[in-house]
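If you want the building blocks of each chain, they are given just below.
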Amino acid sequence: MNRTLRQIGLLIQKDLRIEARGRQTIGLVIVLGILIIVVLGMGLGAGRPVSGFGATSILWVTYLFGGVLCFEKTMAVERFDDALAGLLIAPIDRGVIYASKLITNLLLIIGLALVVTPVAMTLFRFDLSEHPLAFFIVMSLGVTGFTAVGTLFSAAVSSTRLQGGLLAMLVFPLSLPVVIMSTQLMRKVFEEGVPLTSTDVATLCAFDMIFLIVSWLVFELVLEP
Amino acid sequence: MNRKCLVYGFWSVTLALFVASVAMLFLYTPIEKTMGPVQKIFYLHLPIAINTFLACFVVFIASIGYLWQRKMWWDDLAFAAGKVAVLYCSVVLLTGMIWGKSAWGSWWTWSPRLTFSLVLWLLFVVYLMIRPSIDSPQRRAMISAVYGIVAFIDVPFVYLSVKLLPDIHPASIALAPAMKLTVLVWFLPITLLALGLLRAGYLLNRQIRTESQRNQNMVFESAPPASPTPMEELA
């Protein structure tokens, strides 16, 4: 167990070190996120305050597009100089590679969220003060499910010729249930004033668990040098 | 010859059942009081919706079969079932929209079942769309199989998520005995058509694969022999 955790830690460290040296992915997704928010702000009417429910929808658009870019980039570094072949012949389980890529992607999306969410809150005057915890729980669980699916398919499509477009095509429809679920839960919480129930949280957790387990099981099959 | 007769027989029976079902729909089934003649679309809508799920299930089973055995015929079967699922789901969406226009005065409402059908349609349209983007047949089959499995597992979550939307769709419909019989009769031609389309699609996919393999072999055979290396010339 300790050995597995150490291997996961080392792989995450490797990915983050590459990211820290180049700072390509995080910079790119943050700028993209801000651009999306500005475009949506212009489209929805500048200066109008937006409810927490609207905030979730706007932030989801940012996280979805930024997330796909993160998944693509974290897998692309393995294609450079055949690094993936080296990773595959290393004495580590493929599940460890999946776990490390998943956590790296989650960290990058958290980095994106930490910058983009306050920017969106300022520009749209989001009012999350009524139920900040519900917002945090729903969005965290939602992003985890989305990242679980995205990490799996980023490995699958990284060797095909239509990487970016194809990855978005694969991940967006599969993530729709979690997007619909989180936006509807936010509608309930912010518009109807109904508190978040344990069943709601359990459903989102079930989604995450199933997709994490299925992705972990089939990751070995999709990973090819 | 026998197989050809069986195929003609199958399609003739399907066509005859379609004609009989249409005749039954207009001559035997009573007109519903509230909605009028538009309600008749329901007899087509329900069997097609159930067959859509069956086609999605075939995609799921064939995808597992491919990952388990790595035989290309599983991929051909999954692809054919994916096409049937998209075709049937499109009809479900269209008939649902016609029903909605008559019942609620709008072509589209974000009701759970309509949204569910739309997401299901999107999931399997993507399944068909991604395939031509992947050059290698093995890689294409593998990515499609993984997607087919994850998409099918996604279906219950789509159902759970859309249940949170406000609903105006009827939860259950009380049907007169004559109406129930018509629904049951409509299941026969719709299911036979799905099976026929699945078989035709599967055979077509097999044929395309055999042809492309034959072409590849011909390219290898017609290639000029490699010129001898200097070492071979000396020998």
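Being a predicted model, the structure only gives us computed values, none of them experimental.

Thresholds applied
Residues numbered from 1 in each chain as written. Chains lettered and ligands numbered in written order. Predicted model: local features only at pLDDT ≥ 70, side-chain atom pairs only at ≥ 80, totals over all residues. Helix = DSSP H or I, 4+ residues; strand = E, 2+ residues; numbered from the N terminus. Buried ≥ 20, exposed ≤ 12 C-beta atoms within 10 Å, placed from the backbone. Contact = placed C-beta atoms within 7 Å. Rg over C-alpha atoms; globule rule 2.2 N^0.38 Å. Nonpolar A, V, L, I, M, F, W, Y, C, P; charged D, E, K, R; others polar. Core = buried A, V, L, I, M, F, W, Y, C linked by C-beta atoms within 7 Å. Expected span 1.5 Å × (residues − 1). Arc of directions from axis to C-beta.

Turning next to the overall build of chain B. Scanning chain B for helices and strands turns up 7 helices and 0 strands. When the elements of chain B are put in sequence order from the N terminus, they spell out α-α-α-α-α-α-α. Across the 235 residues that make up chain B, the buried fraction comes to 31%. For chain B, the proportion of contacts with a sequence separation of at least 24, taken over those separated by at least 6, is 80%.

Our next topic: the overall build of chain A. From N to C terminus, chain A includes 8 helices and 0 strands. Of the regular secondary structure in chain A, the N- to C-terminal order runs α-α-α-α-α-α-α-α. For 225 residues, the compact-globule formula gives about 17 Å, and the C-alpha radius of gyration of chain A, at 18 Å, lands near that figure. In terms of overall dimensions, chain A has a C-alpha envelope of 55 × 35 × 30 Å along the principal axes. Across the 225 residues that make up chain A, the buried fraction comes to 48%. A separation threshold of at least 6 residues defines the contact pool for chain A, and within that pool the share at least 24 residues apart is 87%.

The parts lose accessible area when they come together, and the size of an interface is often stated as this lost area. The partner chain B presents 26 residues to the 25 residues of chain A that form the contact. Those elements that provide at least two residues to the side of chain A that touches chain B are α6 (132–157), α7 (163–191) and α8 (198–222) of chain A. When residues of the side of chain A that touches chain B are assigned to their parent elements, the largest contribution, 11 residues, is made by α7(A). Here the residues of the side of chain A that touches chain B sort into 20 nonpolar, 4 polar and 1 charged.

Right, let's talk about the environment of B:P189 for a bit. All names here are of chain B. Secondary-structure assignment places P189 in helix α6 (residues 177–222). Look at P189 and you get buried, because 21 C-beta atoms sit within 10 Å. Between the C-alpha atom of P189 and that of Q207, which follows or precedes it by 18 residues, the distance is 27 Å.

Residues and elements named next belong to chain B. Positive phi values are uncommon outside glycine, yet R70 reaches one of about 55°. Along the polypeptide, R70 turns up in the loop between α2 (42–69) and α3 (72–104). Residue R70 is classed as partly exposed on the basis of its 14 C-beta neighbours within 10 Å.

In this section: the nonpolar core. Across soluble globular proteins, nonpolar side chains have a tendency to be buried as a group. With 118 residues, the main nonpolar core has A:L170, A:V222, B:V59, B:A81, B:A85 and B:V146 as its most contacted residues. Sequence-distant contacts of B:A81, that is, excluding residues within four places in its chain, are made with B:A55, B:V58, B:V59, B:A62 and B:L198.

Further remarks concern helix α2 (residues 25–44) of chain A. For an α-helix, the turn length of 3.6 residues means that residues three or four places apart are oriented alike. Residue and element names in this part refer to chain A. Here α2 contains 20 residues, and its C-alpha end-to-end distance of 28 Å stays within 8% of the 28 Å for a straight helix at 1.5 Å per residue. Along α2, the positions that sit buried rather than exposed are T25, I26, V29, I30, G33, I36 and I37. Within α2, the buried residues cover an arc of 125° as seen down the axis, which keeps them to one side. Those residues of α2 that are exposed and aimed more than 90 degrees away from the buried face are G27, V31, L35, V39 and M42.

Here B:F157 shows up in helix α5 (residues 137–162). Residues B:F157 and B:V183, spaced 26 residues apart in sequence, show a C-alpha to C-alpha distance of 28 Å. Beyond its immediate chain neighbours, meaning those up to four positions away, B:F157 contacts A:P177 and A:F207.

Look at helix α1 (residues 2–22) of chain A: 30 Å from first C-alpha to last across 21 residues, which is about the 30 Å you get at 1.5 Å a residue. A positive backbone phi angle near 50° is found at A:R23, which sits one or two residues after α1(A).

Any functional reading would require information that these geometric values do not contain.
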